[in-house]
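# Structural characterization, general
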Amino acid sequence: MISLGCAKNLVDAEIMLGSVLGRGMEITSDAGKADVLIVNTCAFIDSAKEESVEAILEARRRRGQKVIVAGCMSQRFSRELLPEMPEIDAFIGLDQVAGAGEIVAQVLSDDQWEPLNLVTRRPVYIPDYDTPRFRLTPSHSAYLKIAEGCNHPCSFCVIPQMRGRHRSRTIASVVQEVRNLVAEGVKEINLISQDTTYFGMDLWERRSGPAQPVDSSRGPTLTRLLEEIERIEGDFWVRLLYTHPAHWSDELIEAIARSGKVARYIDMPLQHIHPEMLELMRRETSREHIEDLIARLRAAIPGIALRTTFIVGFPGETEEHFESLLKFIERARFERLGVFSYSREEGSRAAKMPDQVPARTKNARYKRAMKLQQKIARELCGNMAGRTIKVLVEQPLIARSESDAPDVDGQVILTRPLPVGEFAQVRVVGNQVYDLIGEPV
């Protein structure tokens, strides 16, 4: 299995491997020994698509092996890829991940001359608590997909076209999976979906009907889910990833503030702050709403670490728009921040917009924004000196704090080894820009 892209794609890879194991097959980390190669692709931005194509081409060069292409690129472009890549044995989409074992068996038994295209146009699949998975993360950390798809109309994005409309799991299903993971010894559970804060709202909308307003006090919501998770016994923390600023409520903020399980960390991609850019991006939020939400989060949840991402070089972004973004970054002082240069996605509204920004300008703005954030990060990390913090040990000399999500944030470099997969208390004695140096207490 060659799995590319985000954590949501990684969960799909784990489900495919779980299905393969269920058929009595073996998984190998040596591609040369495999009878079948599955390339789980990403098609989020141009660089991801290029990486996916390279992985497919590399797999095609191997003789005597079957190749299956899965993931977002297969879901979106299988018809276009089919005539271009006749050596591929099967293209599968999101609706086929749980049946990957059967598809692998079919590919191995058939000597078909033409590749199979099993992709369904509008995916509807979501996993359940008992869906077999072969976890690819360390034993102490896991991703848990609470929903699939997206209903947002963001003009730069084509995820709804690939992943379908938002569809939530039930609270009971998610809670049971959390219980299972905790029983296995998992210490960190990262809740993920395209929009985590929209969790459950689609279930209540379908139940109440289009003419009835959503009553969050009775319907399933992220708040209700967190309250149920809070009742689960065990020493673990839950992390919220991929939240949307449009769906935060005082009720949700209060639930996190009083929780002993939810990590003091919020991942909330904002994409921009200038009103004209937010409107062009169709972000469904205003500058005033965003600034008020940040203030409410920090006031209600002491020690909260806010992570966000921004897009620079979006069509129509002027120097004035970009300077406004820089001033906002400097004033907001996000604990964690990433920047993307705008990628012109075929099929998106933004791809057809006038005033496309030259690549040179986009790259220059990216560097300026990240240079500013590096300065802020160094100062924030410096302010941590002398504090004692809780960490989860990743490797004998490497740990992560509540403020550090796996793969995307910094780490805590330990001055002496600690047991892997356990929580520990360390005193911050230094930093290296984005990383802290911690002395075990």
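You'll find the structure just up there.
Read on for a plain summary of the structure. Treat the numbers as computed from the prediction; the structure is a model and nothing was measured.

Criteria and thresholds
Each chain has its residues counted from 1, following the order in which its sequence is written. Thresholds applied to this predicted model are a pLDDT of at least 70 for local features of residues and 80 or more for the giving and counting of side-chain atom pairs; totals over whole chains, interfaces and linings are not thresholded and use all residues. With hydrogens and water set aside, each side-chain value is computed from the structure's full complement of heavy atoms. Strands qualify as paired when DSSP identifies two bridges or more between them. Every helix listed is a DSSP run of H or I at least four residues long, and every strand listed is a run of E at least two residues long, numbered separately from the N terminus. Note on ring pairs: Phe, Tyr and Trp rings are taken, using the six-membered ring of Trp, and paired if centres are within 6.5 Å. Classes follow the plane angle, with under 30 degrees stacked, over 60 edge-to-face and the rest tilted. Between buried and exposed lies partly exposed: a residue is buried under 20% and exposed over 50% of the maximum accessible area for its type, with that area taken using a 1.4 Å probe on protein chains only.

## What about the pairing of strand S18 (residues 435–440)?
- As defined by bridge partners, strand S16 (residues 412–414) adjoins S18 across 3 bridges and the pair is classed as parallel. Within S18, the position partnered with Ile-413 by the bridge is Ile-437.
- Sheet topology places strand S17 (residues 423–432) next to S18; 6 bridges connect them, and they run antiparallel. Across the sheet, residue Arg-427 finds its bridge partner in S18, namely Glu-439.
- Here S17 hands over to S18 after 2 residues, with Val-433 in that stretch at a positive phi of 60°.

## Considerations on the packing of aromatic side chains
- Summed over the entire model, instances satisfying the criterion amount to 6 aromatic pairs.
- Measuring from ring centre to ring centre gives 6.5 Å for Phe-156 and Phe-314, while their planes differ by 85°; the resulting arrangement is edge-to-face. One end of the pair, Phe-156, is in the loop between strand S7 (147–148) and helix H5 (159–163); the other, Phe-314, is in the loop between strand S12 (305–312) and helix H12 (319–332), with 158 residues separating them in the sequence. Per residue, the accessibility class of Phe-156 equals that of Phe-314, and both read buried.
- Centroid distance Trp-237 to Phe-423: 4.9 Å. Interplanar angle 50°. Geometry classified as tilted. Taken as a pair, Trp-237 in strand S10 (residues 237–240) and Phe-423 in strand S17 lie far apart in primary sequence, 186 residues in all.

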